[in-house]
Amino acid sequence: MTKNEQLFQRAQRHIPGGVNSPVRAFGAVGGTPRFFARGAGAYVWDADDKRYIDYVGSWGPLILGHSHPEVVAAVQEAAAKGMSFGAPTEAEIDLADLLCHMLPSMQQVRLVSSGTEATMSAIRLARGFTGRDKLIKFEGCYHGHSDSLLVKAGSGLLTFGNPSSAGVPAAVAEHTVVLSYNDVAQLEAVFAAQGDQIAAIIVEPFCGNMNLVRPSAEFVAAMRRLTEQHGALLIYDEVMTGFRVGLGCAQGLHGITPDLTTLGKVIGGGMPLAAFGGRADVMAKIAPLGPVYQAGTLSGNPVAVAAGLATLKLISAPGFFDSLSAKTLRLAEGLQAAGRAAGQTFSADAVGGMFGAYFTAQAPQSYAEVMASDKPRFNAFFHGLLEEGVYLAPALYEAGFVSAAHSDADIADTLAAAARVFSRL
Ligand SMILES: *Cc1c(COP(=O)(O)O)cnc(C)c1O
């Protein structure tokens, strides 16, 4: 038995499924999850000391790669001064100032500890601000695991959502309307029928939780126009895209000013840190200023804030995103070329430091198109690359992430490995 197999057996004794977050269990792709012992730059090493080029990056946060020395130093320095106070610190103000400076739509911001908390709080705030209950989300977008957001599509247009998890009351799910990503006509029909009851649209502005799916320009414009017309709020869930697709986030690339934005992943540099913020008149409804309650023992944790500040400083260096985006595009184009050269039905796409890889003829536009992708083939591709020492997310429904630490040689090695795997599929 390998060390990974031994650890997986041991883990299952006291941890449900052996993991602390479900996708880690390799359920979608089969096989034994890798238990990581350490990471440095673009690489991770598992319990059997096998090295992988890592394209998961802790599911997005590690845009500088693993254990960047300046981030580690900032964390060590902060930890030595105190792990947590449950009281305000100066560094929190620095981070809030920086976030509001970097994102013009953000006039006020509150720090929390996870993306789930950020989206859950943004939705409560949107409901409290508008006095309405209904929420629009899109099929295939993931916004964390709070009750209102674990909802799948109902049976037809204008029907309400059904819980997509046991334990979510139908009475909660029924306030969530689940629509198809990129379907402008459907969105218009829902606003025409019940626009006065809708508190907010929440959207992944580039969807990275059903592989990578881009929004059309018409879809983006329609979300902003319809919410404005009907007095609903537009929430950009940038937990994944924030400071990942560019320094101005997805909203900068779209030229859209959302009412609220949620952030996470990159802004914590690998520590538990997330945020929600936006219009000052909306944020004024949050406690202690207003009637919408939200709180957190570890919110604005000084060690996490130090990691976030160090990360945001480093990614603000001139040319950072030009270089990261060019490298990520080179990977996506190379994968697509290698797949097609081997006769596979395969395509790939990239936005900033995020990429998608699909066993479909073209990049998908919706959840239905992602689901039509060849899953057994992806799983064989995943395991082939794993064997070759390349670590992709263990499921077809995930975007991949490149970091500043990935070298040209890492990209070239990955493409060579992919070509070998494609030819064996
Ligand atoms: C990861 C993610 C979340 C949830 O963040 P957690 O920190 O895992 O709770 C929410 N929204 C989006 C778009 C995400 O990618």
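The structure presented is a predicted model; accordingly, all values stated were derived computationally and were not measured.

Participant: Please explain the site of the ligand as it appears in this structure.
Facilitator: Lining the immediate surroundings of the ligand are Ser 114, Gly 115, Thr 116, Tyr 142, His 143, Gly 144, Glu 204, Asn 209, Asp 237, Val 239, Met 240 and Lys 265. For the ligand, an oxygen atom lies 2.7 Å from a polar atom in the side chain of Thr 116. Asp 237 is positioned with one of its side-chain polar atoms (N or O) 2.7 Å from a nitrogen atom of the ligand. Compared with its free state, where it exposes 380 Å², the ligand has 82% of that area covered by protein.

Participant: Can you walk me through the sheet that holds strand E15 (residues 390–391) in this structure?
Facilitator: Each strand in a sheet pairs with its neighbour through backbone hydrogen bonds, running either in the same direction (parallel) or in the opposite one (antiparallel). Strand order in the open sheet formed by four strands is E1-E2-E3-E15, and the pairing between neighbours is mixed. The open sheet has two edge strands with one neighbour each: strand E1 (36–40) and E15. Bridge analysis of strand E3 (residues 51–54) against E15 gives two bridges, and the strand direction is parallel. Counterpart to Ile 53 in the pairing with E15 is Val 390. Strand contacts of helix H14 (residues 408–424): strand E2 (43–46), E3 and E15, with the helix running at about 105° to E3, the strand carrying the most contacts.

Participant: So what exactly am I meant to see when it comes to the nonpolar core here?
Facilitator: Considering soluble globular proteins, one finds that nonpolar side chains tend to be buried as a cluster. Core analysis: the largest hydrophobic core is formed by 67 residues, its most contacted members being Tyr 55, Leu 99, Phe 243, Ile 315 and Phe 381. If one sorts the elements of this core by residue count, helix H10 (residues 302–315) sits on top with nine residues. When residues of this core are assigned to domains, at least three map to each of domain 1 (3–67 + 319–398 + 407–424) and domain 2 (69–315). Excluding residues within four positions of it along the chain, Phe 381 makes contact with Leu 335, Phe 359, Leu 392, Ala 418, Val 421, Phe 422 and Leu 425. Ranked by size, the runner-up nonpolar core spans 26 residues in total, among them Val 184, Val 213, Leu 234 and Ile 256.

Participant: Help me out: how do you make sense of the UniProt feature "modified residue: N6-(pyridoxal phosphate)lysine" (unreviewed entry) in the chain in this one?
Facilitator: Within this numbering scheme, the UniProt entry marks Lys 265 as carrying the feature "modified residue: N6-(pyridoxal phosphate)lysine" (unreviewed entry). Here Lys 265 shows up in the loop between strand E11 (260–263) and strand E12 (274–278). On the accessibility criterion, Lys 265 (24% relative accessible area) is partly exposed. If we skip the residues at most four places from it in the chain, Lys 265 touches Trp 59, Gly 60, Pro 61, Val 239, Met 240, Gly 270 and Leu 273.

Participant: Which parts of the structure should I look at to understand helix H3 (residues 90–102)?
Facilitator: Since there are 3.6 residues in each turn of an α-helix, residues three or four apart along the chain are aligned in direction. Between the first and last C-alpha of H3 there are 19 Å, a value that for 13 residues agrees with the 18 Å anticipated at 1.5 Å per step. Within H3, burial applies to Glu 92, Leu 95, Ala 96, Leu 99 and Met 102. All buried residues of H3 fall inside an arc of 135° around its axis, so they share one side. Of the exposed residues in H3, the ones pointing more than 90 degrees away from its buried face are Glu 90 and His 101. Looking at the buried positions of H3, the neighbouring elements they touch are strand E4 (108–112), E11, E12 and H10.

Participant: I tried to follow the packing of helix H2 (residues 69–81) against H10 on my own but got confused; where do I start?
Facilitator: The contact between H2 and H10 brings their axes to 8 Å, and the two run at 155°. For the element pair H2 / H10, the angle class is roughly antiparallel. For the pair H2 and H10, the crossing hand works out as right-handed. Seen from H2, the contacting residues are Glu 70, Val 71, Ala 74, Val 75, Ala 78 and Ala 79; seen from H10, they are Pro 302, Val 303, Ala 306, Ala 307, Ala 310, Thr 311, Lys 313 and Leu 314. The residue makeup of the contact of H2 with H10, split by class, is eleven nonpolar, one polar and two charged.

Participant: I keep staring at the environment of Gln 12 and nothing clicks. Help me out?
Facilitator: By secondary structure assignment, the location of Gln 12 is in helix H1 (residues 3–14). Separated by 256 residues in the primary sequence, Gln 12 and Gly 268 place their C-alpha atoms 29 Å from one another. Setting aside residues no more than four positions away along its own chain, Gln 12 makes contact with Gly 17 and Gly 18.

Participant: How do you make sense of the domain arrangement of the chain when you look at a structure like this?
Facilitator: One frequent convention defines the size of an interface as the accessible area lost when the parts assemble. In terms of domain boundaries, the chain breaks down into domain 1 (3–67 + 319–398 + 407–424) and domain 2 (69–315). Taking the mean C-alpha position of each, domain 1 and domain 2 sit 26 Å from one another. The interface of domain 1 with domain 2 comprises 27 residues on the first partner and 31 residues on the second. Buried surface at the junction of domain 1 and domain 2, both sides included, amounts to about 2,500 Å², of which 63% is carbon and sulfur. Taken together, domain 1 and domain 2 are joined by one salt bridge. Put simply, Asp 349 and Arg 214 hold a salt bridge, and the shortest N to O gap is 2.6 Å. Where domain 1 touches domain 2, the interface holds ten residue pairs in polar contact (both at pLDDT 80 or more). Ranked by the residues each element gives to the side of domain 1 that touches domain 2, the list is headed by strand E14 (residues 354–358), at five residues. Here the side of domain 1 that touches domain 2 is composed, by residue class, of 18 nonpolar, seven polar and two charged.

Quick notes on the rules
Residues numbered from 1 in each chain as written. Predicted model: local features only at pLDDT ≥ 70, side-chain atom pairs only at ≥ 80, totals over all residues. Heavy atoms only, no water. Near = heavy atom within 4 Å. Polar contact = N/O pair within 3.5 Å; in protein donor to acceptor, adjacent residues only side chain to side chain. Areas by Shrake-Rupley, 256 points an atom, 1.4 Å probe, with all protein chains shown as cover. Pairing = 2+ DSSP bridges. Helix = DSSP H or I, 4+ residues; strand = E, 2+ residues; numbered from the N terminus. Contact = heavy atoms within 4.5 Å. Axes fitted to C-alpha atoms, helices over the stretch in contact; angles between N-to-C directions. Core = buried A, V, L, I, M, F, W, Y, C linked by side-chain atoms within 4.5 Å. Buried < 20%, exposed > 50% of the residue type's maximum accessible area, 1.4 Å probe, protein only. Domains from an automatic or database assignment. UniProt positions renumbered as here; feature names shortened; annotations may be inferred. Expected span 1.5 Å × (residues − 1). Arc of directions from axis to C-beta. Parallel < 35°, antiparallel > 145°, perpendicular 65-115°, else oblique. Left-handed = near helix turned anticlockwise from the far one by under 90°. Nonpolar A, V, L, I, M, F, W, Y, C, P; charged D, E, K, R; others polar. Buried area = accessible area lost by both parts, 1.4 Å probe. Salt bridge = Lys/Arg side-chain N within 4 Å of Asp/Glu carboxyl O.

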